[in-house]
Protein chains: 2
Amino acid sequence: MKNYIITAQDIEGMEKQFRTELVNSLPGFKSATLIGTVNAEGQTNLAVFSSFIHIGSNPPLFGFITRPTSVPRHTYLNIKSTGFFTANHIHPEIYQAAHQTSARYPENISEFDATGLTPEFSPNFPAPFVKESRIKLALEFVEEHPIAINGTILVIGKLCEAHFPEEILGKDGLLHIEKAASLTISGLDVYHYPQKIARLSYAKTDRPLQIRED
Amino acid sequence: MKNYIITAQDIEGMEKQFRTELVNSLPGFKSATLIGTVNAEGQTNLAVFSSFIHIGSNPPLFGFITRPTSVPRHTYLNIKSTGFFTANHIHPEIYQAAHQTSARYPENISEFDATGLTPEFSPNFPAPFVKESRIKLALEFVEEHPIAINGTILVIGKLCEAHFPEEILGKDGLLHIEKAASLTISGLDVYHYPQKIARLSYAKTDRPLQIRED
């Protein structure tokens, strides 16, 4: 295998779309998440994100990166206005509808209506879930961090509720998310179905790893 | 499929390890990344992370979440002390060694030595790459954001160099990272190999999505 070495200067000199594709490929595989929100007038919004991450387990915290001035800005404004959002996993039957939410719909069009995905509401929670999704989180906004160097924002939410199929929950708390066919994204627009290789034991300095069967 | 609905209160009442497994499963698939650093005395360090994400493309920025007081604290201290780190994709031939870096080795033991992975240096860049990795990034620390609610830290680096096999670079800049067998992680310790379903066209409001062949 011949290796390319590309420098920061090379990247700076690249045509914009080429750079965007390349740099979005570099971090590896990313979560595939539909973030659902609603504005003060009750208008729902849905947008696909690939930066949704675990921030902590106790309390259960998750975050994602958004740009306040780009397409999914309604997501950010709605979260700031209502304080709530949902995060919904994407599976093979809805990935095309999920990707379609990234089109630049006018503010008065809900991406639910435009893509055929169904808003679903849980009692006492204002933001819409995606009914067709199999793993769904209800989150309350707790903190945001504007990134000085490029104007993006890390938005952090605390888990209020998690919905998932009973049969994917392992005895020790692990969700076997591959059984719900959750997908992963590479680059900007490539969807992948992960196949499990192995679960490994907790790493210790004084004994070899083992492959777990649970 | 019967659905479970678990609330924040349910999670608060869970046994710690069960909660950790469950909450780490909820965000979906995550990047599988080895972060390489060196301290002021030249001692190398290597640690596996699953929160490495894209923050922006121009300039090319990436970030990850760390806990200053937990196992991979050497990573954070070394980045603060030297200003540099590497991020290296994990493939099937090295995932067990990668996972083993999460064992609590004493500070004077390099995880490279302990796991058999090979440190590799690029001219004028102080932090070690993982020689066996196929996609490698050299990064310069630019910004950090302490998360108030749980004491974790978002560490942000700017790309200095990217190394990858020539044959995975597409004509438009996309890296076909599945051809380098990059892996993804679910939960704390489950490694998966993603299989490509499809690349989708840029979403527009006035035309249906197409499956791209490039």
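Residues numbered from 1 in each chain as written. Chains lettered and ligands numbered in written order. Predicted model: local features only at pLDDT ≥ 70, side-chain atom pairs only at ≥ 80, totals over all residues. Heavy atoms only, no water.

### Quick notes on helix α2 (residues 16-25) of chain A
All names here are of chain A.
Here's step 1: With seven of 10 residues buried, α2 lies mostly within the body of the structure.
Here's step 2: For α2, the set of buried residues is R19, T20, E21, L22, V23, N24 and S25.
Here's step 3: In this structure E15 caps α2, since a side-chain oxygen of it lies 2.9 Å from the backbone nitrogen of Q17. (Buried < 20%, exposed > 50% of the residue type's maximum accessible area, 1.4 Å probe, protein only. Helix = DSSP H or I, 4+ residues; strand = E, 2+ residues; numbered from the N terminus. Polar contact = N/O pair within 3.5 Å; in protein donor to acceptor, adjacent residues only side chain to side chain.)

### Things to note about a positive patch on the surface
Here's step 1: On the surface, K16, R67, R73 and R104 of chain A together with K204 of chain B cluster together into a positively charged patch.
Here's step 2: The topology assignment puts R104 of chain A in the loop between α4 (95-100) and α5 (111-115). (Patch = residues over 30% accessible without salt bridge, like charges linked within 9 Å, V, L, I, M, F, W, Y side chains within 5 Å. Areas by Shrake-Rupley, 256 points an atom, 1.4 Å probe, with all protein chains shown as cover. Salt bridge = Lys/Arg side-chain N within 4 Å of Asp/Glu carboxyl O. Lys, Arg positive; Asp, Glu negative; His and termini not counted. Charge placed at Lys NZ, Arg CZ, Asp CG, Glu CD.)

### Some words on the relation of the copies chain A and chain B
Here's step 1: For the match of chain A to chain B, the screw axis carries a shift of 0.0 Å, the RMSD comes to 0.0 Å, and the turn is 180°. In short, the pair behaves as if placed about a two-fold rotation axis. Within chain A, P194 of chain A has its C-alpha nearest the rotation axis, a separation of 1.9 Å.
Here's step 2: Taken as a fraction of all interface residues of chain A, those also at the interface in chain B reach 100%, which identifies the copy contact as same-surface. (Least-squares fit on C-alpha atoms with pLDDT ≥ 70 in both. Contact = heavy atoms within 4.5 Å.)

### Digging into the pairing of strand β11 (residues 153-165) of chain B
Here's step 1: β11 of chain B sits mainly inside the fold: 11 of its 13 residues count as buried.
Here's step 2: Looking at chain direction, strand β1 (residues 3-7) of chain A and β11 of chain B are connected through five bridges and run antiparallel. Bridged to T7 of chain A within β11 of chain B is E161 of chain B.
Here's step 3: As defined by bridge partners, strand β6 (residues 60-66) of chain B adjoins β11 of chain B across six bridges and the pair is classed as antiparallel. When the sheet's bridge partners are listed, F64 of chain B is paired in β11 of chain B with V155 of chain B.
Here's step 4: In this structure, strand β10 (residues 136-146) of chain B lies alongside β11 of chain B, joined through 10 bridges in antiparallel fashion. Residue pairing for β11 of chain B: E140 of chain B is matched across the bridge by K158 of chain B.
Here's step 5: The turn linking β10 of chain B back onto β11 of chain B is made up of six residues, and G151 of chain B within it adopts a positive phi angle of 75°. (Pairing = 2+ DSSP bridges.)

### Looking at unusual backbone geometry
Residue and element names in this part refer to chain A.
Here's step 1: At the junction of N58 and P59, the peptide bond is cis and its omega measures out at 5° in the coordinates.
Here's step 2: Residue placement: P59 occurs in the loop between β5 (53-57) and β6 (60-66).
Here's step 3: Phi angles above zero are rare outside glycine, and A181 is one such case at about 60°.

### Focus: empty space enclosed by the protein
To find leftover empty space, a probe the size of one water molecule is rolled over the atoms.
Here's step 1: Enumeration according to the criterion identifies three cavities of 30 Å³ or more in this entry.
Here's step 2: Here the largest cavity defines a volume of roughly 70 Å³.
Here's step 3: Lining the largest cavity are 15 residues, and of these K30, S31 and I53 of chain A together with F52 and I53 of chain B sit closest to its centre.
Here's step 4: Residue assignment for the lining of the largest cavity shows that the elements contributing at least two residues are β2 (30-31) of chain A together with β2 (30-31) and β5 (53-57) of chain B.
Here's step 5: For the lining of the largest cavity, a count of residues per class yields seven nonpolar, six polar and two charged. (1 Å grid on protein atoms, 1.4 Å probe; cavity = no way out; pocket = protein on both sides within 12 Å on 5 of 7 lines; lining within 4 Å. Points joined across faces, edges and corners; volume = space filled by probe spheres on them. Nonpolar A, V, L, I, M, F, W, Y, C, P; charged D, E, K, R; others polar.)

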